[in-house]
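Letter by letter, the chains look like this.
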Amino acid sequence: MHPDVYRGIWGGQRCRYSPIQTTRYCSCPLNQCEASNKFYEQLVNAFQYNVPITGAAALIAESIQGVSGVKEFPRYFLRRAYELIKSNNGLFISDEVQTGFGRTGDNYWGFEMHGVSPDIVTMAKGIANGFPMGAVVTTTEIAQVLTKAAHFNTFGGNPVGCVIASTVLDVIKDEELQYNCKQVSAQIIGYLRVV
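Residues numbered from 1 in each chain as written. Predicted model: local features only at pLDDT ≥ 70, side-chain atom pairs only at ≥ 80, totals over all residues. Heavy atoms only, no water.

An unreviewed UniProt entry lists the protein under the name Alanine--glyoxylate aminotransferase 2, mitochondrial, with Diaphorina citri given as the organism. Turning to the protein, the UniProt record has this under Sequence similarities (unreviewed entry): "Belongs to the class-III pyridoxal-phosphate-dependent aminotransferase family." Database annotation for the protein, UniProt heading Subunit (unreviewed entry): "Homotetramer." (UniProt positions renumbered as here; feature names shortened; annotations may be inferred.)

Have a look at this one:
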C-alpha cells in the first residue's frame, strides 16, 4: 500500500513534513507517527515474504512521490525503509529527478529531509533547466563496478549539455533559487490549502 498519510487509511494532522496536513485527528506522541509505523509494518511483511534470504538488491524511492500525485511519506518512514534495505544487504537509490536542486525549498536534495545517505542518486530535469540531461552520482565502490565490463553511452558527456548544466547550477546558487522556492511554495501552499 502506498504510504500516503493525506488520503490513505492511516495518518493525521501531524504525520507529514509539509506545512499542509490532513485535517484528520492525530493521536501520535511527539516525534512519533503511528501511520508511519503501520505503513512500515506492511513494508516489513513485503520483505519477509518476497525478498530472498540472501537479501535485497536495492530500494528506489523518491523523497516525495511526484508521479503519484506529489505525496509525502509519513514522518520517519523513509528513514526506516532505508535502514531495512541496508540490513538486507541492499542499496538505497534516491530518485531526485523531481525533488533535487533545491526544489523542496528546505533542502538541496529531497533525501536530506529524511536523514538518509543514498548509495546512488539519480537526477535530471532541474540539472539543465529542461535541456535533456541526466546524471547519476554514486560511491566510488559502486562506480568501480563499471570498469569490470564494457559500458557504452551514445550521448554521455555531451559538451553542450555539460555547459548548460554547469550554468544552471551556477544560477541556482547565485540567484538563491532554493530560498526563492521556499518562499514561493509557502505562498502557493497557503493559497491551495483545503479547509
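Picking up after the structure, the text goes on.
Concerning the nonpolar core
Within the largest apolar cluster, 32 residues are counted, with the highest numbers of intra-cluster contacts made by C15, L43, F77 and F92. Of all the secondary structure elements, the ones that give two or more residues to this core are α1 (34–50), β1 (58–62), α2 (77–87), β5 (120–124) and α4 (159–174). (Core = buried A, V, L, I, M, F, W, Y, C linked by side-chain atoms within 4.5 Å. Buried < 20%, exposed > 50% of the residue type's maximum accessible area, 1.4 Å probe, protein only. Helix = DSSP H or I, 4+ residues; strand = E, 2+ residues; numbered from the N terminus.)

A word on unusual backbone geometry
Generally, phi is negative for residues other than glycine and the peptide bonds are trans, each holding for most cases. Even without a glycine there, the phi angle at Y76 is positive, about 75 degrees. When you line up the elements, Y76 lands in the loop between β3 (71–72) and α2. On the accessibility criterion, Y76 (28% relative accessible area) is partly exposed. With phi around 50 degrees, N129 is a residue other than glycine that occupies positive phi space.

Comments concerning the pattern of salt bridges
Note that side chains of opposite charge can pair when their charged atoms are close. Per the counting criterion, the structure on display carries 4 salt bridges. With its nearest N and O atoms 2.9 Å apart, the salt bridge here joins E83 to R79. Pair noted here: E83 and R79 are both in helix α2, with a separation of 4 residues, about one helical turn. As a salt-bridge pair, K86 and D119 come within 2.8 Å of each other at their nearest N and O atoms. Pair noted here: K86 is in helix α2 and D119 is in the loop between β4 (91–95) and β5, with a separation of 33 residues, a long-range link. Residue classification places D119 among the buried positions, given a relative accessible area of 13%. (Salt bridge = Lys/Arg side-chain N within 4 Å of Asp/Glu carboxyl O.)

Examining the packing of aromatic side chains
In this structure the tally under the stated criterion is 7 aromatic pairs. Between W10 and F39, the ring centres sit 5.0 Å apart and the planes meet at 70 degrees, which makes this aromatic pair edge-to-face. Of the two residues, W10 sits in the segment before α1 while F39 sits in helix α1, which places them 29 residues apart along the sequence. Both rings, one in W109 and one in F111, keep their centres 6.5 Å apart while their planes meet at 5 degrees; by these two values the pair is stacked. The exposure class of F111 is buried, given its relative accessible area of 12%. Aromatic ring contacts, followed pair by pair, group F101, Y108, W109 and F111 into a single cluster. In this arrangement the basic side chain of R80 is found over the ring face of Y40, its NZ or CZ atom lying 4.0 Å from the centre. (Phe/Tyr/Trp six-rings, centres within 6.5 Å; stacked < 30°, edge-to-face > 60°. Lys NZ or Arg CZ within 6 Å of the ring centre and 35° of its normal.)

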